[in-house]
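# Fold and contact review
Okay, here's what each chain looks like letter by letter:
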Amino acid sequence: MTDATSVSLGGETVKATAAKFTMAVIGFAGTVVFARVLGPSGFGGYYLLFSLVKLGDRAVNGWGTAIMKRFSEVEAPKRELIGGQLVFTAAWLVLMSAVAAVASRWLVSYTGLTEAPVLFVVLMGAVTLYEPTDRVVQARGLVGASMWTDTFRSLLTFPIQLALVLLGLGAAGMAYGLAAATFLSLPALWYFVRTKPTVPTRETLASLWSYAKYSIPNSFLGQTYDRFDILLLGYLLAPAAAGQYEVALKLTVPATFVMMAAQSVLMARVSRLHSQGKDVSDDVSNTLAFSSVVAVPMFFGAVSMPEQLVVTAFGPEYADAAALLVGLALFQIVSTQSGPLTSAIGGIDRPESNTRISVATLAVNVVLGVALTLAYGAIGVVVATVVAETLRYVLSAFVVKRVLPNVVLFPRTLLEQVGAALLMFAVVVPLVRTVPIDQWYQLLAIVSVGATVYSAALLAISQKLRVTIEGVVRSSRLEL
C-alpha cells in the first residue's frame, strides 16, 4: 500500500497545487457572482453560518487529525482506525443536531438567515463525513488525489449553487449546493481510502485519544483563530462588514495554495520518518523554502493596486474591502511560513506544543481584535490578526529549532522570492498609474504582466527552484 514516504514530496505538492489553483478559478468565479447577486448582507450571512459550522465540526476534524497521524505510522491498525473515525463522526453529528435545535433562534438572529438551523445541520453532516476521510487519503501520501477530488467537488458546487440561488433560494442555495456537491464527491474520496472499516479495539482507541486529546483542542483553537475575524465583525459591526472582509480574504486565498498542498504531505511524511527514527530537517526546510512562493508576489500586487483589484472584481459596493486586502495579504506571508512549522510539530508527536501555541495566539488575537475593532473598525481586526500570526510563527520556530536544530528557517530561496517580487512591483506600479483599470480584461492584463515578470526573474536567480522543477518533471515522467 502507498505511504507518505513512497511518493515524491515535490511531485505531490505540484499536483495538489495545480488542483488548488483550478479550484481557485472556479471558486473565484462563484464568489464574484454570489457576492454581486446576494450583496454584502446575504453574502456575509452565509459565511457567518459557514464559520459556525466550521467551528462546530472541530471535534471531528481533530479526531481526523489523530487518525491521520496514527494511520501514517508504521504497522498502524488501519481498518480499526477507519472504524473509529466513522463511529466518532456519527456520534458528533447527533450531538450537533441537538445543539442546532436548542440554539435555532440565535442562529437565525446572528446570521440573518431564516433557514439557519436546518442549513447548519445539513452542512455539518456534509463536512464531518468528508473532511476526516480526506485526511486518510492524505495520510497515505496521496495529496494530489485528495486535492483533485476536492476540485471535482468544486466543479459540482458552483453550478448547483448557482442554480439554487437563481431559483430564489438566496444564501440558502449556497449552503444546499455545497452540501449536495460534498455528498456526491464522497464515493470518489472513498475510492482512494481502500481500507474496509472494522470495530476498533480498546488499545487502538487509547492510542487515538492520546493524540486526539491535543489535536481536538488544537483544531478548535485553530479554526476559532482562522474565523475569529469574520465572527467578530458579524457580532460587533454587521453581516455587511463580514461580507467586505470575506471578499478581501477570498482575493488572498491563492497565496496559501502551495503551503497547504505541501503541508498536507509534510505532516504524514514527517510522522512516518519520525516513527522510524529518521531525520526530517531537510523536508521541513524545503517546504519552508517554497511555501510563500505565491504569497510574496500577491502581497506586493495587493500593495500596488488594492482598490482596483476589489472594485473591478466585485463592484463599487465592496470598495471598503480594499483597505483590508493589503493587511490580509501580509498575514498570508506569515501564515505560509508558520503553517509548515505547525505540521512539523504535529508530525514529530508534539501536539501539546501546538496546543500551547494556539492558546497564546488566540488570546492575543481576541484581546487585540476586540480593542482595535472597536477603535478603528474592520481594519483593526486585520492588524490584530497579523500580530497574532507573527507570534504563532515565532513560537513555532522556537519549538522546531529546539527539536530539529538543522531546520533552516530563512532559506535563500525565500529571499530570492522577495527580490523577484520587488522587481515585479517596480514594473507594475508605473503601469497602474498610467493605464486606466475599469474593466476586468485591463486588470487581467496587468496581473499577467506582473506574474510573468515575477516568474521569469525567480527562475533566473533561483538555482534551487530550477533544480526542484527538474526533479518534479523527472518524477512525473517515471510515474507515467
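Residues numbered from 1 in each chain as written. Predicted model: local features only at pLDDT ≥ 70, side-chain atom pairs only at ≥ 80, totals over all residues. Heavy atoms only, no water.

The name recorded for the protein chain in an unreviewed UniProt entry is Polysaccharide biosynthesis protein, from Natrinema ejinorense.

### Focus: the overall build of the protein chain
Within the protein chain, the regular secondary structure consists of 19 helices and zero strands. At 22 Å, the protein chain has a C-alpha radius of gyration in line with the 23 Å of a compact globule built from 480 residues. Dimensions of the protein chain along its principal axes, counting C-alpha atoms only, are 65 × 60 × 45 Å. Residues counted as buried form 57% of the 480 residues belonging to the protein chain. Total accessible area on the protein chain is roughly 19,500 Å²; 68% of this is exposed by carbon and sulfur atoms. (Helix = DSSP H or I, 4+ residues; strand = E, 2+ residues; numbered from the N terminus. Rg over C-alpha atoms; globule rule 2.2 N^0.38 Å. Buried < 20%, exposed > 50% of the residue type's maximum accessible area, 1.4 Å probe, protein only. Areas by Shrake-Rupley, 256 points an atom, 1.4 Å probe, with all protein chains shown as cover.)

### Description of the packing of aromatic side chains
Here the structure, examined in full by the defined rule, presents eight aromatic pairs. When the centroid spacing of 5.2 Å and the interplanar angle of 80° are considered together, the rings of Tyr 191 and Phe 192 count as edge-to-face. For Phe 192, a relative accessible area of 21% gives the class partly exposed. A cation over a ring is seen here: Arg 153 above Tyr 130, with NZ or CZ 4.2 Å from the ring centre. (Phe/Tyr/Trp six-rings, centres within 6.5 Å; stacked < 30°, edge-to-face > 60°. Lys NZ or Arg CZ within 6 Å of the ring centre and 35° of its normal.)

### Things to note about helix H12 (residues 295-304)
The element H12 is largely enclosed, with a buried count of eight among its ten residues. For H12, the complete set of buried residues consists of Ala 295, Val 296, Pro 297, Phe 299, Phe 300, Gly 301, Ala 302 and Ser 304. In this fold, the buried residues of H12 make contact with helix H13 (306-314), helix H14 (321-347), helix H17 (412-434) and helix H18 (440-461). (Contact = heavy atoms within 4.5 Å.)

### Some points on the side chain of Thr 336
For Thr 336, the location among the structural elements is in helix H14. We classify Thr 336 as buried; its relative accessible area is 0%. Once residues lying within four places of it in the same chain are set aside, the contact partners of Thr 336 are Ala 255, Thr 256, Met 259, Ser 291, Ser 292 and Ala 295.

### Let's talk about the domain arrangement of the protein chain
Looking at the assigned domains, one finds that the protein chain contains domain 1 (9-216) and domain 2 (240-479). Placing the centre of domain 1 and that of domain 2 at their C-alpha centroids yields a distance of 23 Å. (Domains from an automatic or database assignment.)

### With respect to the environment of Val 265
By the element assignment, Val 265 lies in helix H10 (residues 257-275). Taking the C-alpha atoms as reference points, Val 265 and Ala 139, 126 residues apart in sequence, are found 7.8 Å from one another.

### Notes on the UniProt feature "transmembrane region" (unreviewed entry) in the protein chain
Feature annotation in UniProt places "transmembrane region" (unreviewed entry) on residues 21-38, 81-103, 109-130, 175-193, 357-387, 418-435 and 441-461, given in this structure's numbering. The distance from the first to the last C-alpha atom of residues 357-387 is 14 Å, and the span holds 97% helix and 0% strand. (UniProt positions renumbered as here; feature names shortened; annotations may be inferred.)

### Concerning the side chain of Ser 358
Structurally, Ser 358 is set in helix H15 (residues 351-376). Exposure remark for Ser 358: the relative accessible area of 5% places this residue in the buried category. Contacts of Ser 358, omitting those with residues within four sequence positions, involve Leu 221 and Arg 392.

### Here we look at the pattern of salt bridges
Inspection of every chain in the model, using the stated rule, returns eight salt bridges. The partner of Glu 246 in a salt bridge is Lys 250, with the nearest N and O atoms 4.0 Å apart. On the criterion of helical spacing, the pair formed by Glu 246 and Lys 250 is a turn pair, its members being four residues apart in helix H9 (residues 239-252). On the basis of relative accessible area, Glu 246 is assigned to the buried category, the value being 3%. On the accessibility criterion, Lys 250 (25% relative accessible area) is partly exposed. Within the structure, one salt-bridge network assembled from shared partners comprises Lys 54, Asp 57, Arg 58 and Glu 131. (Salt bridge = Lys/Arg side-chain N within 4 Å of Asp/Glu carboxyl O.)

### As for the nonpolar core
Ranked by internal contacts, the top residues of the largest apolar core, which has 84 residues, are Phe 120 and Tyr 245. With 24 residues, the next largest nonpolar core counts Met 68, Leu 142, Ala 212 and Ala 268 among its residues. (Core = buried A, V, L, I, M, F, W, Y, C linked by side-chain atoms within 4.5 Å.)

### Examining the confidence of the model for the protein chain
A low pLDDT means the predicted coordinates there should not be read in detail. The predicted model of the protein chain has a mean per-residue pLDDT of 84, with 91% of residues at 70 or higher. Here residues 1-7 is a poorly scored stretch, pLDDT under 50, and it has 22 contacts once near neighbours within four places are set aside; other chains count. (pLDDT = per-residue confidence, 0-100.)

### Quick look at the packing of H15 against helix H16 (residues 378-403)
Between H15 and H16, the least distance of the axes is 7 Å, while the angle of their chain directions is 160°. Classified by the angle their axes make, H15 and H16 are roughly antiparallel. Judged by the sense of rotation from one axis to the other, the crossing of H15 with H16 is right-handed. Looking at side-chain class alone, the contact of H15 with H16 contains 16 nonpolar, nine polar and one charged residues. (Axes fitted to C-alpha atoms, helices over the stretch in contact; angles between N-to-C directions. Parallel < 35°, antiparallel > 145°, perpendicular 65-115°, else oblique. Left-handed = near helix turned anticlockwise from the far one by under 90°. Nonpolar A, V, L, I, M, F, W, Y, C, P; charged D, E, K, R; others polar.)

### Quick notes on the environment of Gly 315
Relative to the helices and strands, Gly 315 is located in the loop between H13 and H14. Placed 283 residues apart in sequence, Gly 315 and Val 32 show a C-alpha to C-alpha distance of 8.9 Å. Apart from residues lying up to four places away in sequence, Gly 315 is in contact with Arg 36 and Val 310.

### Considering helix H2 (residues 58-71)
Between its terminal C-alpha atoms H2 stretches 19 Å, which fits the 20 Å expected from 14 residues at 1.5 Å a residue. Most of H2 sits out of view: 14 of its 14 residues are buried. (Expected span 1.5 Å × (residues − 1).)

### What about the environment of Ala 240?
Inspection of the secondary structure assignment puts Ala 240 in helix H9. Taking the C-alpha atoms as reference points, Ala 240 and Gly 170, 70 residues apart in sequence, are found 15 Å from one another. For Ala 240, the contacting residues outside a window of four places in its chain are Pro 40 and Ser 41.

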